[in-house]
Each structure stands twice: as structure tokens, then as C-alpha cells.
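Chain by chain, the residues run as shown.
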Amino acid sequence: MTDATELRRRTEELLAAHPPASTDRTAFLEARFDAGLAWVHYPAGLGGLDAPRSLQAVVDAELAAAGAPDNDPRRIGIGLGMAAPTILAYGTEEQKRRFLRPLWVGQEVWCQLFSEPGAGSDLAALGTRAVRDGDTWVVNGQKVWTSSAHVARWAILIARTDPDVPKHRGITYFLCDMTDPGVEVRPLRQITGEAEFNEVFLTDVRIPDAHRLGGVGDGWKVAQTTLNNERVAIGGARIPREGGMIGTVSRTWRERPELRTHDLHQRLLDLWVDAEVARMTGERLRQQLVVGQPGPEGSGMKLAFARLNQEISGLEVELLGEEGLLYGDWTMRRPELVDFTGRDAGYRYLRSKGNSIEGGTSEVLLNIVAERVLGLPPEPRNDKDVAWKDLAR
């Protein structure tokens, strides 16, 4: 069994054969993947060594100390956090070998074609249709709130393949080439002024059946793997104490004593404690991932993430007073990633409003926690046994 000592030895060999100072960045990352040091818990040959997930930190620490480049995980977060674990769980061997290496290296950016104008919180109501035509599927529909679609090479896509069964059935999961004819990406300008989100129109897009992930009609089951990993990726990221937005407002408090009031002090203390509790809960969740797959606990973490970001950003605006009302730049841009801490307080305040919508609305996540974590009875539903085509719209 691979242990920490063996991983250090392999890391030393990688660094000796490919010195970071003189090796092309992409070449180094490819060599790291091929050495099994990308994500050590993945299977051998797919960027890993079948090692315990907890040992990834050993590799990361050794490479960071040597000044080795990383794969810019924020830029390719959808691929790393959502597409990769789903492909690993449901992909064919050919799919795993085709997609995982360029995904991890960052040569191919991924996006997520799930939400639709009429299927956001109720994702299973989606109406994008995929009709089989021999060895291909012809897809027509519209997706919305798609992060990174303007820079993505590939997308994870769910579409309806059988409208004659209830909505949670009859859905199939595909890997869509964003450069194919019929894929149109349009920017969605947000309250921040930027357009990091997009709407995507699919018109007679032909997807080979070889790019289907899982069985026909099993898309909802496959999508649950994606969604569980998405919520962990959003709410359970590893940050140091006073990392993230609580660190930003804490620094302002220390550096600007003239802004302090007793009421703001009490609110800051409460939020600081909440942020620390969330950070430690996230650490516990990551330890659980070492021995299993993400479950509904990730929904709780994502809920806490959204609430804290919104309350902390609101406190920061109040703390800054008139300065908090300023907004530095409302230029229309299409960024590759969201930068909360590198912008001003006004941006953080506006952008955090989306945290309770993206990655599953807080209302939906509350239901998940209530039903799947606390075991409370589900809300009454009258659409579970009705064919999708017969649902009221």
C-alpha cells in the first residue's frame, strides 16, 4: 500500500526528472499526472496511485516547497470538482483516459449545462431534449447560469430522452463538445456589471452516443454525483483561519479603529465564530471524504457558505460607512473566475447575493438537509408519478 514515505520518494523523483525552474508548466503538470501525483486517491493510470485521499496533502506540500506550478484550480474548478468525479464514477475506461488528463492539467476547461429557464430549483423538470439518431443524439434546448461557458471546451449536460415517464426518470447525461455546430453561448450581465455567467442555446447539436455518461434514462442518478460534489466544492473548500471574506473584514477592523462601534464589534465576533465553526466543519467533511463519497452533508456546508458570505459582506459595507457605498468598476467583462477577496466591498456585497442561488438554492438545500440528514418527512408532492409531458407548465 502506498504510504507517505513512498509518496515523498515519488515526488522527489518527479522533481529531479522535471525541475520546475526549467520545465515548461504544462509539461510538468502532465508528468505529475502520469506519475500518479495529481489526485493520489484516483486509480493508477488515471492520475492517481489508489492511495488514501488524505495523503494528497503530503504531495502538495512537497511540490509547493519546491516551487512547482499548480493547475490553477480556481480556473478549472468545475472540471475538477464536478466533471472529474462523475466521469470517474460512471465513465467507460475510454472516457476516463480521454478526458481526465487534459481536464486536470487545465488544457480543457469544463462547464455545467444543467439549469434551464424553467428548471432551476426544480432541476428534474428540465426540458432540453435529446433524440437518438443512430449512433448520435440530436439535442435542442436552452441552458442558463452557465459559469465558464465562454471559455469551456467541454460541458457536462443533462437532457430529457423520454418525456413519457415521470420527470426524475427519462433524463440522460452527456459530455458535450462546446465547439460543435449548434452550440451558442451568450453572456448574462449580472448586478456586478460582469458576465461570468452565460446562457447556452443548443440547436440540433449532435452528440455521439460514445459521449453518453451512464445508461440511457439514468441521468438523474448520475447527476446526483455531480451535485453532491458541486456542493462540497463550493462550501467545503480548505481555507486557513481568518481566510476568505471574514479575513478581509477582520483586517479592516484592526487597521481602521476610527470605524469601530460596539454594535459592529458584537456582530463581527458572532460572524468570526460562525466562520471558524464552518471552517472546522468543512475539515471534518473532508476527513469523511477520505473514507467515502460526499453525501447530503455538503448541502449543509454550502448553506453555511452562502449565509456567511452575505452577512459578512453586509457587515463590511456598514463598517466602511460612506466608503462602502462606492463601487470601483462596473465595466462589462467576461472573467474566467470569481475573485471575492481581490475586489472592493461593494463588489463582494453584490456578488455574494448569488451565493444562495448558484450551486442549489438555499431553499432546496434546506429541504435536502431536512429530509436526508435530519430524517424529517418530505413535503407533499403530486408530480412524482406524472409523466413529464403531462406536467403543468
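Here, the structure is the one placed above.
*Asks:* I'm lost on the overall build of the protein in this one. Help?
*Replies:* Tallying secondary structure elements over the protein gives eleven helices and eight strands in all. Its C-alpha atoms give the protein a radius of gyration of 22 Å, within 12% of the compact-globule value 21 Å for 393 residues. Once the C-alpha set of the protein is aligned to its principal axes, its extents read approximately 70 × 60 × 45 Å. For the protein, the proportion of its 393 residues judged to be buried stands at 49%. Restricting to contacts in the protein with at least 6 residues of sequence separation, those with at least 24 account for 70%. Counting only carbon and sulfur atoms, one obtains 53% of the accessible surface of the protein, whose full area is about 18600 Å².

*Asks:* Even after reading the chapter, I still don't get the packing of aromatic side chains, so can you show me in this structure?
*Replies:* Each aromatic ring pair is specified by the distance between its two centres and by the angle formed by the two planes. The final tally for this structure, using the stated rule, is eight aromatic pairs. Centroid distance Trp145 to Phe197: 5.9 Å. Interplanar angle 85 degrees. Geometry classified as edge-to-face. Pair noted here: Trp145 is in the loop between strand E3 (136-143) and strand E4 (154-160) and Phe197 is in strand E7 (residues 197-208), with a separation of 52 residues, a long-range link. By way of ring pairs, the aromatic residues Phe99, Trp110 and Trp154 are connected into one cluster. Sitting over the ring of Phe201, Arg186 keeps its end group 4.0 Å from the ring centre.

*Asks:* Help me out: how do you make sense of the pattern of salt bridges in this one?
*Replies:* Opposite charge on two side chains lets them pair, provided their charged atoms get close. On inspection of all chains with the given rule, the structure shows 35 salt bridges. Here Glu194 and Arg333 are joined by a salt bridge, their closest N and O atoms 3.1 Å apart. Of this pair, Glu194 sits in the loop between strand E6 (183-188) and E7 while Arg333 is found in the loop between helix H9 (297-320) and helix H10 (345-351), placing the two residues 139 residues apart along the sequence. The exposure class of Glu194 is buried, given its relative accessible area of 3%. Here Arg333 falls in the partly exposed class, since its relative accessible area comes to 32%. With a shortest N-O distance of 2.7 Å, Arg256 and Glu323 are connected by a salt bridge. Of the two residues, Arg256 is situated in the loop between helix H7 (244-255) and helix H8 (262-290) and Glu323 in the loop between H9 and H10; the sequence distance between them amounts to 67 residues. A relative accessible area of 24% places Arg256 in the partly exposed class. Among the residues examined, Glu323 registers a relative accessible area of 40% and is labelled partly exposed.

*Asks:* Even after reading the chapter, I still don't get a nonpolar patch on the surface, so can you show me in this structure?
*Replies:* A cluster of nonpolar side chains, namely Val273, Val277 and Met280, defines an oily patch on the protein surface of about 260 Å² accessible area. Note that Val273 resides in helix H8.

*Asks:* Hey, could you run me through helix H5 (residues 93-105) in this one?
*Replies:* Think of an α-helix as 3.6 residues a turn; residues three or four steps apart then line up on the same face. For H5, which comprises 13 residues, the first-to-last C-alpha distance of 19 Å matches the rise-based estimate of 18 Å (1.5 Å per residue) to within 8%. Where H5 bends most, at Phe99, the angle is about 25 degrees, and the proline Pro102 comes one to four residues later. Every buried residue of H5 is accounted for by Gln95, Lys96, Phe99, Leu100, Pro102, Leu103, Trp104 and Val105. Of the surrounding elements, those touching the buried residues of H5 are helix H2 (25-34), helix H4 (77-90), strand E1 (110-113), E4, strand E5 (171-177) and strand E8 (212-213).

*Asks:* Just to check I follow, could you spell out unusual backbone geometry for this structure?
*Replies:* Note: most peptide bonds trans; most residues except glycine with negative phi. A positive phi angle is found at Asp72, which is not glycine, with a value near 55 degrees. Locating Asp72 in the fold gives a position in the loop between helix H3 (56-65) and H4. A relative accessible area of 29% places Asp72 in the partly exposed class. Even without a glycine there, the phi angle at Trp145 is positive, about 60 degrees.

*Asks:* Where do I start with the pairing of E7 in this structure?
*Replies:* It is a general feature of regular strands that their side chains alternate between the two faces of the sheet. Judged from the seven bridges that link them, E3 and E7 form a sheet pairing that is antiparallel. By the bridge assignment for E7, Trp137 is matched with Ile207. With six bridges joining them, E6 and E7 adopt antiparallel strand pairing. Residue pairing in the sheet places Pro187 in a bridge with Asn198 of E7.

*Asks:* Looking at this structure, I do not really get the nonpolar core. What am I missing?
*Replies:* Nonpolar side chains tend toward joint burial in soluble globular proteins. The biggest cluster of nonpolar side chains holds 37 residues, and the ones touching the most others in it are Trp39, Trp110 and Tyr173. When residues of this core are traced back to their parent elements, those giving at least two are H2, H4, H5, E4, E5 and helix H6 (219-235). When residues in this core are grouped by element, the largest group, six residues, is from H4. Those residues in contact with Tyr173 that sit more than four places away from it in its chain are Thr86, Phe114, Ile156, Leu157, Ile158, His211, Arg212, Leu213, Gly219, Val222, Ala223 and Thr226. Formed by 18 residues, the second largest nonpolar core is a distinct cluster that contains Trp137, Ala159, Leu202 and Ile207.

*Asks:* Help me understand the pairing of strand E2 (residues 129-133) in this model?
*Replies:* Here five bridges tie E2 to E3, and the two strands are oriented antiparallel to one another. Paired with Arg132 across the strands is Trp137, a residue of E3. Hairpin connection from E2 to E3: two residues lie between these consecutive antiparallel strands, with Gly134 at a positive phi of about 70 degrees.

*Asks:* What's the story with the packing of helix H1 (residues 4-17) against H3 in this structure? I'm lost.
*Replies:* Any two packed helices are characterised by how steeply their axes cross, that is the angle between the axes, and by the distance between the axes. The geometry of H1 relative to H3 is characterised by a closest axis approach of 9 Å and an angle of 35 degrees between their N-to-C directions. Judged by the sense of rotation from one axis to the other, the crossing of H1 with H3 is right-handed. For the pair H1 and H3, the contacting residues are Ala4, Leu7, Arg8, Thr11, Leu14 and Leu15 in the first and Val58, Val59, Glu62 and Leu63 in the second. Broken down by class, the residue content of the contact of H1 with H3 amounts to seven nonpolar, one polar and two charged.

Thresholds applied
- Residues numbered from 1 in each chain as written.
- Predicted model: local features only at pLDDT ≥ 70, side-chain atom pairs only at ≥ 80, totals over all residues.
- Heavy atoms only, no water.
- Helix = DSSP H or I, 4+ residues; strand = E, 2+ residues; numbered from the N terminus.
- Rg over C-alpha atoms; globule rule 2.2 N^0.38 Å.
- Buried < 20%, exposed > 50% of the residue type's maximum accessible area, 1.4 Å probe, protein only.
- Contact = heavy atoms within 4.5 Å.
- Areas by Shrake-Rupley, 256 points an atom, 1.4 Å probe, with all protein chains shown as cover.
- Phe/Tyr/Trp six-rings, centres within 6.5 Å; stacked < 30°, edge-to-face > 60°.
- Lys NZ or Arg CZ within 6 Å of the ring centre and 35° of its normal.
- Salt bridge = Lys/Arg side-chain N within 4 Å of Asp/Glu carboxyl O.
- Patch = residues over 30% accessible without salt bridge, like charges linked within 9 Å, V, L, I, M, F, W, Y side chains within 5 Å.
- Expected span 1.5 Å × (residues − 1).
- Bend = angle between axes of the 7 residues up to and from the residue.
- Pairing = 2+ DSSP bridges.
- Core = buried A, V, L, I, M, F, W, Y, C linked by side-chain atoms within 4.5 Å.
- Axes fitted to C-alpha atoms, helices over the stretch in contact; angles between N-to-C directions.
- Left-handed = near helix turned anticlockwise from the far one by under 90°.
- Nonpolar A, V, L, I, M, F, W, Y, C, P; charged D, E, K, R; others polar.

Keep in mind these values describe shape, not function.
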